[in-house]
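# Examining the three-dimensional arrangement
Single-letter residue listing:
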Amino acid sequence: MPRDDFNDLLAFLAVARERSFTRAAATLGVSPSSLSRKMRALESRMGVRLLTRTTRSVVPTEAGERLMATVAPQFDAIETELEALAEFRDKPAGTVRITAVDTVADLFIWPRLAPLLQKYPDIKVEIDTSYRMVDIVEERYDIGVRTGEAIARDMVSVRITPDFRRLIVGAPAYFERHPVPQTPQDLLAHNCITLRLATRGGLFAWPLERNGQAERVQVKGQLTFNGSYQILQAALDGCGLAFTPEYLARPHVEAGRLRCVMEEWFPTSPGFFMYYPSRRQKTQPVSMVIDALRLPDGPQPR
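## Some thoughts on the overall build of the protein
In terms of helices and strands, the protein carries nine helices and 15 strands. Along the first, second and third principal axes, the C-alpha set of the protein runs to 75 × 50 × 35 Å. Residues classed as buried in the protein amount to 43% of the 302 residues present. Within the protein, contacts between residues separated by at least 24 positions form 74% of all contacts whose residues are at least 6 apart in sequence. Averaging the locations of the 39 positively and 36 negatively charged side chains of the protein gives two centres separated by 3 Å.

## Thoughts on helix α9 (residues 284–293)
If you check which residues of α9 are buried, you get Pro285, Val286, Met288, Val289, Ile290 and Leu293. Its buried side turned inward, α9 meets β3 (94–100), α5 (102–119), β4 (123–129), β5 (143–147) and β15 (272–277).

## Section: the nonpolar core
Note that soluble globular proteins tend to have their nonpolar side chains buried in a common cluster. Membership of the largest hydrophobic core comes to 55 residues, with the highest contact counts inside it found for Val145 and Trp206. Those residues in contact with Val145 that lie beyond four places of it in its chain are Ile98, Thr99, Ala100, Val101, Val104, Ile109, Ile160, Phe272, Phe273, Met274 and Tyr275. Judged by nonpolar contacts, the second largest core, of 21 residues, contains Ala14, Val15, Ala24 and Leu50.

## A word on unusual backbone geometry
Phi at Arg19 takes a positive value of approximately 55 degrees, unusual for a residue other than glycine. Along the polypeptide, Arg19 turns up in the loop between α1 (3–18) and α2 (21–28). The class of Arg19 is partly exposed, set by a relative accessible area of 30%.

## Re the pattern of salt bridges
This model, assessed by the stated rule, comprises 11 salt bridges. For Lys38, the salt bridge identified is with Asp8, shortest N-O distance 3.3 Å. Taken together, the positions of Lys38 in helix α3 (residues 32–46) and Asp8 in helix α1 put the pair 30 residues apart, joining distant regions of the chain. With its nearest N and O atoms 2.6 Å apart, the salt bridge here joins Asp8 to Arg45. In this pair, Asp8 is assigned in helix α1 and Arg45 in helix α3, connecting sequence segments 37 residues apart.

## Details of the sheet that holds β15
The mixed open sheet is built from five strands, whose spatial order is β4-β3-β5-β15-β6. Both outer strands of the open sheet, β4 and β6 (155–159), are each paired with one neighbouring strand and no more. On average, each strand axis in the sheet is inclined to that of its neighbour by 25 degrees, with strand direction left out of account. Where β6 lies against β15, five bridges are found, and the strand directions are antiparallel. For Val158, the partnering residue across the bridge sits in β15 and is Met274. With respect to the sheet, α5 is in contact with β3, β4, β5 and β15, its orientation differing from that of β4 by roughly 175 degrees.

## Things to note about the side chain of Ser269
Along the chain, Ser269 falls in strand β14 (residues 268–269). In this structure Ser269 comes out as buried when scored by relative accessible area, which is 12%.

## Let's talk about the pairing of strand β9 (residues 206–210)
The sheet contact formed by β9 and strand β10 (residues 213–217) spans five bridges and is antiparallel. Each bridged residue has a counterpart across the sheet, and for Arg210 the counterpart in β10 is Gln213. Counting the residues that bridge the hairpin from β9 to β10 gives two residues, and of these Asn211 lies at a positive phi of roughly 50 degrees.

## Concerning helix α7 (residues 228–236)
Among the residues of α7, Ser228, Ile231, Leu232, Ala234 and Ala235 are the ones counted as buried. Looking down the long axis of α7, one finds its buried residues gathered within 160 degrees of arc, a one-sided arrangement. In the core, the buried residues of α7 are packed alongside α5, β8 (194–195), β11 (224–225), β12 (242–245) and α8 (246–254). Remark: Gly238 follows α7 within two positions and exhibits a positive phi of approximately 80 degrees.

## Some thoughts on the environment of Trp265
Positionally, Trp265 belongs in the loop between β13 (259–260) and β14. What makes Trp265 buried here is its relative accessible area of 3%. Here the alpha-carbon distance between Trp265 and Asp142, two residues 123 residues apart in the chain, equals 37 Å. Leave out the neighbours within four places in its chain, and Trp265 touches Gln182, Pro184, Leu208, Glu209, Arg210, Gln213 and Glu215.

Rules used in this analysis
- The residue numbers shown here count from 1 along each chain, following its written sequence.
- For a predicted model such as this one, the threshold for reporting local features is a pLDDT of at least 70, and the threshold for listing and counting side-chain atom pairs is 80 or more; totals across whole chains, interfaces and linings nevertheless cover every residue.
- Side-chain descriptors were evaluated using all non-hydrogen atoms of the structure, hydrogens and water having been removed beforehand.
- Each helix is a run of H or I in the DSSP string that is no shorter than four residues. Each strand is a run of E no shorter than two, and both are numbered from the N terminus.
- Here the term buried applies to any residue with accessible area under 20% of the maximum for its type, exposed to any over 50%, and partly exposed to those in between, with areas from a 1.4 Å probe on protein chains only.
- Two residues qualify as a contact provided that any one of their heavy atoms is within 4.5 Å of a heavy atom in the partner residue.
- Here Asp and Glu are counted as negative and Lys and Arg as positive; His is not counted, and neither are the chain ends.
- For this purpose, a charge sits on NZ of Lys, CZ of Arg, CG of Asp or CD of Glu.
- Among buried residues, the Ala, Val, Leu, Ile, Met, Phe, Trp, Tyr and Cys ones that are joined through side-chain atoms within 4.5 Å form a nonpolar core.
- The salt bridge definition used is simple: a Lys or Arg side-chain nitrogen within 4 Å of an Asp or Glu carboxyl oxygen.
- Two strands make a pair as long as DSSP finds a minimum of two bridges between them.
- Where helices are involved, their axes are fitted lines through C-alpha atoms of the stretch in contact, as for all axes, and angles between N-to-C directions lie from 0 to 180°.
- By definition, the arc is the one covered by directions from the helix axis to the C-beta atoms.

It is worth stressing that arrangement in space is one thing and function is another; only the former is reported here.
Below, the structure is given as structure tokens:
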């Protein structure tokens, strides 16, 4: 196969994955018009349409899906093997792509990665902070970080945080205007700050638990966000009640800026785990990042 065909196949994979000539062109460092011409030339040589183009998106045809399923793993294997050759260099080098929620990236991932990156300047890390469920194989991430119950069983998972409680909190100013809730049903009369689920689009129901009794409460309120930091800040500003991880709220509770309510109903959530495909060969930088992120031995912060 001519070298141009290999380059065009790589370009096709970028378009098929991004579902957009504009985004794929930005990834490849070419113009969208040039990329579109390249795809038309590839389709002409192969004698089959690979992409369905509309004004809003670009979608692989059935033939395109088959080509993508066939050649993408081959190119990924070649890329992984080339990256693995970095192990023979004097210094570890390569890029590690991670997807995680923003709070975990800030509080747990970055503090552990900073010393590693300072020691090995040729290791590069790209962190995408997203609340949606990500297919790390399809979107070509090396490591994903999510809570334990959200990880597929065919992945290797490594714990990076202990289990943690979720707290119901409000600012003192809020309780000057509203009574303190005592039961899950009381929350329905309160202005609760809600979370929009990135993957399914619905509102997150608060999963409360007391003495083994579980109850999910579909709260409502004036404010809805898709991130934990914004929910926490709205609670600090006295805008309503928040249901938030203890590792975020505890400093504000101890400082008196927030007050816990209904403590007997606080649930314990599984901790965060990093995960990666068991069938993919890990490069040296990926292995080093995994070692840096794993939960340290010994007592953990509350």
